[in-house]
Amino acid sequence: MNSVNEVDALAAAAHAGQFDKIGVPYIEHVRAVAAGLAPFGDHLVMAGLLHDVIEDTDWTAEQLRKAGVPYYVVALVVAVTNERGIPYETKVARITGRGRDAVLLKVADNAHNSRPDRAAELPEEKRTRLSAKYRAARDILWPAVEDRDIETIVRVVNPSLLDELRERQTQGSPS
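A few points on the structure. All values reported here derive from a predicted model rather than from experimental measurement. (Residues numbered from 1 in each chain as written. Predicted model: local features only at pLDDT ≥ 70, side-chain atom pairs only at ≥ 80, totals over all residues. Heavy atoms only, no water.)

We now examine the packing of aromatic side chains. Applying the stated rule across the entire model yields zero aromatic pairs. Just above the ring of Tyr71 sits the side chain of Arg65; from NZ or CZ to the centre is 5.6 Å. When the ring centre of Trp142 is taken as reference, the NZ or CZ atom of Arg138 above it lies at 5.8 Å. (Phe/Tyr/Trp six-rings, centres within 6.5 Å; stacked < 30°, edge-to-face > 60°. Lys NZ or Arg CZ within 6 Å of the ring centre and 35° of its normal.)

Next up, the structure:
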């Protein structure tokens, strides 16, 4: 399974019948994450398509490898998969130690989860809680990679984050 199209088909089949928090077919989320990773090559696109498959379906890492998904792609998916009992902030911090590509994958996921049009569909309490959670994750993720890579992703996935990125750049520059 060496093509993005094959991995897309696997992701579509794995997430068939699943919907996100706002009722959109789940495949749209993973495809949006993958689209933001396109400038970084096919392996990251594949990882974007599969980033939630272990967490949210019956697929395992071993099954993905046996299906022919490149080992590197499976390793990236495992790197961003939630582990039961591990707090979200700890998981995000661990991702920063798993290499640039794992961080970029999580940056793209975070960017899509943070889209204002998606958040607007949620109840206010949930919107507020998730907004704070995703912002805190960016505080950990963004310093771990180059600003230009973050910009490349958010321009595609969630342009509303460009202002936040510029604000952070301004705060981080010497006076």
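The discussion continues.
A general tendency of soluble globular proteins is for nonpolar side chains to be buried together. With 50 residues, the main nonpolar core has Leu37, Leu50, Leu105, Leu141 and Trp142 as its most contacted residues. Top element by residues in this core is helix H8 (residues 100-113). It accounts for seven residues. Those residues in contact with Leu37 that sit more than four places away from it in its chain are Leu44, Val45, Gly48, Leu104, Leu105, Ala108 and Ile153. (Core = buried A, V, L, I, M, F, W, Y, C linked by side-chain atoms within 4.5 Å. Buried < 20%, exposed > 50% of the residue type's maximum accessible area, 1.4 Å probe, protein only. Helix = DSSP H or I, 4+ residues; strand = E, 2+ residues; numbered from the N terminus. Contact = heavy atoms within 4.5 Å.)

Another point: helix H6 (residues 71-80). Every buried residue of H6 is listed here: Val73, Val74, Leu76, Val77, Ala79 and Val80. Taken together, the buried residues of H6 touch helix H3 (42-50), helix H4 (53-56), helix H5 (61-66), helix H7 (88-96) and H8.

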